[in-house]
Amino acid sequence: MIDNLGFHTDNDLHTELTNLNRQITALAGRLDIGNFYSWEDRYNTDSQLADLQARAERLTVKIAEADADTDRLLAAIRLVGDAELGFIAYVIYGPTVLPVPPLHEVRLIERDGGYTVPGTVRRRVPADQVAEVERELLTAVAAPNGHARLWGRTVRAYRTQVTAY
């Protein structure tokens, strides 16, 4: 994803998936050969393969979401007419200049240092659901097992940050 300052903010997920698939192929080949020193070595290789396959599935979902966001942005920029000018307008003025309604990223942040609370970033939120997601995040942080209780804080120590894209 490209933020409204023009910075590329995502990791190279496709390369990461390619590396995972390469490791999966190597482990599957090792399992097919079956030359192990012990049953424990075989069991560990099986477990490592299952872990890599689960990671690859989760990463595939993330890639599909990131590609959908990029395709949405690219289609909106092309609707402007000129791709380069549309991109420049997006970088300077943000998503309001594009002919599609912006989606939002909502995250929960500590007021003190700007630390993003783990697991509280919600992407692809339509404008009419932003307030509901903010309430949900603030409620979750104050839950009995929430971040605020864990660190001895109250809900007032947190704020939400909403970014349109």
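Reading the values: the criteria
Residues numbered from 1 in each chain as written. Predicted model: local features only at pLDDT ≥ 70, side-chain atom pairs only at ≥ 80, totals over all residues. Heavy atoms only, no water. Helix = DSSP H or I, 4+ residues; strand = E, 2+ residues; numbered from the N terminus. Rg over C-alpha atoms; globule rule 2.2 N^0.38 Å. Buried < 20%, exposed > 50% of the residue type's maximum accessible area, 1.4 Å probe, protein only. Contact = heavy atoms within 4.5 Å. Areas by Shrake-Rupley, 256 points an atom, 1.4 Å probe, with all protein chains shown as cover. Lys, Arg positive; Asp, Glu negative; His and termini not counted. Charge placed at Lys NZ, Arg CZ, Asp CG, Glu CD. Axes fitted to C-alpha atoms, helices over the stretch in contact; angles between N-to-C directions. Parallel < 35°, antiparallel > 145°, perpendicular 65-115°, else oblique. Left-handed = near helix turned anticlockwise from the far one by under 90°. Nonpolar A, V, L, I, M, F, W, Y, C, P; charged D, E, K, R; others polar. Salt bridge = Lys/Arg side-chain N within 4 Å of Asp/Glu carboxyl O. Pairing = 2+ DSSP bridges.

**Things to note about the overall build of the chain**
Helix and strand counts for the chain come out as five helices and three strands. Of the regular secondary structure in the chain, the N- to C-terminal order runs α-α-α-β-β-α-α-β. For a compact globule of 165 residues, the expected C-alpha radius of gyration is about 15 Å, and the chain comes in at 21 Å, more than 25% above that figure. Residue burial in the chain is summarised as follows: out of 165 residues, 28% are buried. Sequence-distant contacts, at least 24 apart, represent 57% of the contacts inside the chain between residues at least 6 apart. As displayed, the chain has an accessible area near 10,900 Å², and 54% of this comes from carbon and sulfur atoms. Averaging the coordinates of the 18 positive side-chain charges in the chain and doing the same for the 23 negative ones gives two points 6 Å apart.

**A few points about the packing of helix H1 (residues 13-33) against helix H2 (residues 39-80)**
At a minimum axis distance of 9 Å, the contact between H1 and H2 shows a crossing angle of 155°. Taken together, H1 and H2 sit at an angle that is classed as roughly antiparallel. Seen from above, H1 lies across H2 with left-handed handedness. Classifying every residue of the contact of H1 with H2 by side-chain character gives 13 nonpolar, seven polar and eight charged.

**Some words on the pattern of salt bridges**
Applying the stated criterion across every chain yields a total of eight salt bridges. The salt bridge partner of Asp 69 is Arg 123, with a shortest N-O separation of 3.1 Å. Linking Asp 69 in helix H2 with Arg 123 in strand E2 (residues 116-125), this pair joins segments that are 54 residues apart in sequence. The class of Asp 69 is buried, set by a relative accessible area of 3%. Of the residues examined, Arg 123 reaches a relative accessible area of 36% and is grouped as partly exposed.

**Some details on the pairing of E2**
Of the strand pairs in this sheet, strand E1 (residues 104-110) and E2 are connected by four bridges, and their pairing is antiparallel. Across the sheet, residue Arg 107 finds its bridge partner in E2, namely Val 121.

**What about the side chain of Asp 41?**
Its place among the elements puts Asp 41 in helix H2. Take Asp 41: its relative accessible area is 19%, and that puts it in the buried class. Beyond its immediate chain neighbours, meaning those up to four positions away, Asp 41 contacts Arg 30 and Phe 36.

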